[in-house]
Amino acid sequence: MALVFRAVAQLAGISLSLLGWVLSCLTNYLPQWKNLNLDFNEMENLTMGLWQTCVTQEEVGMQCKDSFLALPAELRISRILMFLSNGLGFLGLLVSGFGLDCLRIGERQQDVKKRLLILGGILFWAAGVTALAPVSWVAHRTVQEFWDETIPEIVPRWEFGEALFIGWFAGFSLLLGGCLLNWAACGTQVPLASGQYAVAETPPHRLHLEMKTTHLKL
């Protein structure tokens, strides 16, 4: 039963981590980090992401312009953190993938596979933190600017974009996936390889033959 729980935990952990990594990559490139609804022109909506600033009009549709320098500081730094999160998540998938019990490669080296699972879980933790940090920072700055009393009320305010919610979900999925992988590696019994079963069963068999031989001599 312990081996079943271990396999389920590994499958759930790698699935959640894969989902979180895909969503973090999507968050990185979506232009909907911040939304600006213009009250005087309800047919136009402005969105801002890490790489593009887009204007959506009812008649024309969405038109985007690449933005590399003309962005707030939190968005420029968020680019680096999101790239770091994507890279750490990719490394975590590679490392933990070789540590799964369902993969027959290195079946006789269970200690190595255990270390790979633990390392993969740690990489997913780091990827989750580096994904949550920029998303939460941009959200915090957006709230501060929204309630800034020094800005006249007539000036439109930035609000949360859809990418922020996807980023939060991605970060927590990576953290939870890393926790499940580490629990599977440290909190459950490591299965023995087929060769280890043979070694473990050999001494009783030999002892039985020796006792039978001694009995016949007597």
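Predicted, not measured: the structure shown is a model, and the values here were computed from it.

J.: Pulling in residues and values, what's your account of the side chain of S24?
T.: Residue position: S24 is located in helix α1 (residues 2–29). By relative accessible area, which is 1% here, S24 ends up buried. Here the side chain of S24 touches N86 through a polar contact of 3.1 Å, side chain to side chain. Residue contacts for S24: discarding those within four places in its chain leaves M82, S85, N86 and A170.

J.: Lay out the state of the cysteines in plain terms, naming residues and giving numbers.
T.: The full count for this structure, using the stated rule, is 1 disulfide. Each sulfur in the disulfide pair C54 and C64 lies 2.0 Å from the other. Where C54 bonds to C64 through sulfur, the torsion about that S-S bond is close to 105 degrees, and the disulfide is right-handed. With C54 in strand β3 (residues 52–57) and C64 in strand β4 (residues 61–66), this residue pair connects regions lying 10 residues apart in the sequence. C54 sits in the buried class, given a relative accessible area of 0%. For C64, a relative accessible area of 38% translates into the label partly exposed.

J.: An account of the packing of aromatic side chains is needed here, citing residue identities and associated values.
T.: Within the structure shown, the criterion is met by 6 aromatic pairs. Where W21 meets F90, the ring centres are 6.0 Å apart and the plane angle is 35 degrees; that geometry is what we call tilted. Placement of the pair is W21 in helix α1 and F90 in helix α2 (residues 73–98), with a sequence separation of 69 residues. Note on F90: relative accessible area 42%, which makes it partly exposed.

How each quantity is defined
- Residues numbered from 1 in each chain as written.
- Predicted model: local features only at pLDDT ≥ 70, side-chain atom pairs only at ≥ 80, totals over all residues.
- Heavy atoms only, no water.
- Helix = DSSP H or I, 4+ residues; strand = E, 2+ residues; numbered from the N terminus.
- Buried < 20%, exposed > 50% of the residue type's maximum accessible area, 1.4 Å probe, protein only.
- Polar contact = N/O pair within 3.5 Å; in protein donor to acceptor, adjacent residues only side chain to side chain.
- Contact = heavy atoms within 4.5 Å.
- Disulfide = S-S within 2.5 Å.
- Phe/Tyr/Trp six-rings, centres within 6.5 Å; stacked < 30°, edge-to-face > 60°.

Shape is all these values report; function is a separate question.
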